[in-house]
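# Report on the structure
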Amino acid sequence: EPSKVMYEIYTNKGGRPEGVPFVKAVLFDMDGTIIDTERIYHYKWVESAHELGWNDFTPEDAYVYRSLNRQDCIRVTGERFGADHDFEELHALCMKKYDEEMRDREVPLKPGLSEALSYIRDHGMSAVVVTATLMERAERMLKKARLIDSFDSVISAHDVKRGKPHPDVYLY
């Protein structure tokens, strides 16, 4: 739990324990960390692949795709499934199915988020979302979850030269 970890770091005599560097910001991944949507994406990847006839697409393949940048996904698709499989087509169908699933649904928040954000604010730190999701989609989801004003900034992996799994998005 993020709030428990932060509590343990900062409760030594009301301040930082000796040797712990000052924390200016806490970076949060979005899907699966602050909002509980990773499982929905996972299911939609598999469902979409099978609908397109990628019958050998497994749940493990969905884990590979979930946080890679677009170029790496295209490369992995070619290596794993062959040149006749189009990642862009798969991605578009997956996003369509995800959007349909989430249209009338509340965005599920991960437990402990509210407490963690309160603690961060109370201790003068910034809270930042760092995500592999496109900025427009990320902001839409954060607004729907009523979280957009809870963060000082949102950084998309699409805004940096190399997206996840490279560290560029965290160094932005």
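Cut-offs and rules
- Numbers given to residues run from 1 along each chain, matching the order in which its sequence is written.
- Residues qualify for local features only when their pLDDT is at least 70, as the model is predicted, and side-chain atom pairs are given and counted only at 80 or more; totals for whole chains, interfaces and linings, by contrast, use all residues.
- With hydrogens and water stripped out, all remaining heavy atoms of the structure feed into the side-chain values.
- Pairing between two strands requires that DSSP report at least two bridges joining them.
- Counting from the N terminus, the helices are the DSSP runs of H or I reaching at least four residues and the strands are the DSSP runs of E reaching at least two.
- With axes taken as lines fitted to C-alpha atoms, and helix axes fitted only over the stretch in contact, angles between N-to-C directions fall between 0 and 180 degrees.
- Only protein chains enter the calculation, and the probe is 1.4 Å; a residue is then buried if its accessible area is under 20% of its type maximum, exposed if over 50%, and partly exposed in between.
- By convention a crossover is right-handed if, when the strands point away from the viewer, the path from the first strand over the helix to the second runs clockwise.
- Angle categories: roughly parallel below 35 degrees, roughly antiparallel above 145, roughly perpendicular from 65 to 115, and oblique for all the rest.
- For any helix crossing, the convention is left-handed if the near helix is rotated counterclockwise from the far helix by under a right angle, and right-handed if that rotation is clockwise.
- Contacts are residue-level and defined by heavy atoms, with any inter-residue pair within 4.5 Å sufficient.
- Residues are grouped as follows: nonpolar covers Ala, Val, Leu, Ile, Met, Phe, Trp, Tyr, Cys and Pro; charged covers Asp, Glu, Lys and Arg; every other residue, Gly included, is treated as polar.
- Exposure above 30% relative accessible area and the lack of any salt bridge qualify a residue for a patch; like charges then connect within 9 Å, and the nonpolar side chains Val, Leu, Ile, Met, Phe, Trp and Tyr within 5 Å.
- In these tables, accessible area is a Shrake-Rupley quantity obtained with a 1.4 Å probe, and a residue counts as shielded only by the protein chains included in the view.
- Salt bridges are counted wherever a side-chain nitrogen of Lys or Arg sits within 4 Å of a carboxyl oxygen of Asp or Glu.

## Concerning the sheet that holds strand β1 (residues 25-28)
Here we have three strands laid out as an open sheet, ordered β1-β2-β3, and parallel in their pairing. The two strands at the open ends of the sheet, each matched to only one other strand, are β1 and β3 (153-156). Averaged over all pairs of adjacent strands, the angle between strand axes in this sheet comes to 25°, irrespective of strand direction. Examined bridge by bridge, β1 and strand β2 (residues 126-131) share four bridges and lie parallel to one another. Among the inter-strand pairings, Ala 25 is bridged to a residue of β2, identified as Ser 126.

## A short note on the pairing of β2
Most of β2 is tucked away: five of the six residues are buried. Relative to β3, β2 runs parallel, the two sharing four bridges. By the bridge assignment, Val 128 is partnered in β3 with Ser 153. Crossover handedness for the path β2 to helix α7 (residues 135-144) to β3: right-handed.

## Remarks on the packing of helix α2 (residues 38-51) against helix α5 (residues 87-102)
Orientation of α2 relative to α5, taken along the N-to-C sense of each, is 130°, at an axis distance of 8 Å. The angle between α2 and α5 places the two elements in the oblique class. Relative to α5, α2 is oriented so that their crossing is right-handed. On α5, the residues touching Ile 40, Tyr 41, Lys 44, Trp 45, Glu 47, Ser 48, Ala 49 and Glu 51 of α2 are Phe 87, Leu 90, His 91, Leu 93, Cys 94, Met 95, Lys 97, Tyr 98, Glu 101 and Met 102. Here the residues of the contact of α2 with α5 are counted per class, giving 11 nonpolar, two polar and five charged.

## Examining a nonpolar patch on the surface
Judged by side-chain polarity, Leu 27, Tyr 170 and Leu 171 come together as a nonpolar surface patch covering roughly 320 Å² of accessible area. Looking at the secondary structure, you find Leu 171 in helix α8 (residues 168-171). Its relative accessible area of 68% is what places Leu 171 among the exposed residues.

## Here's the deal with the environment of Glu 139
Along the chain, Glu 139 falls in helix α7. By relative accessible area, Glu 139 is classed as partly exposed at 31%.

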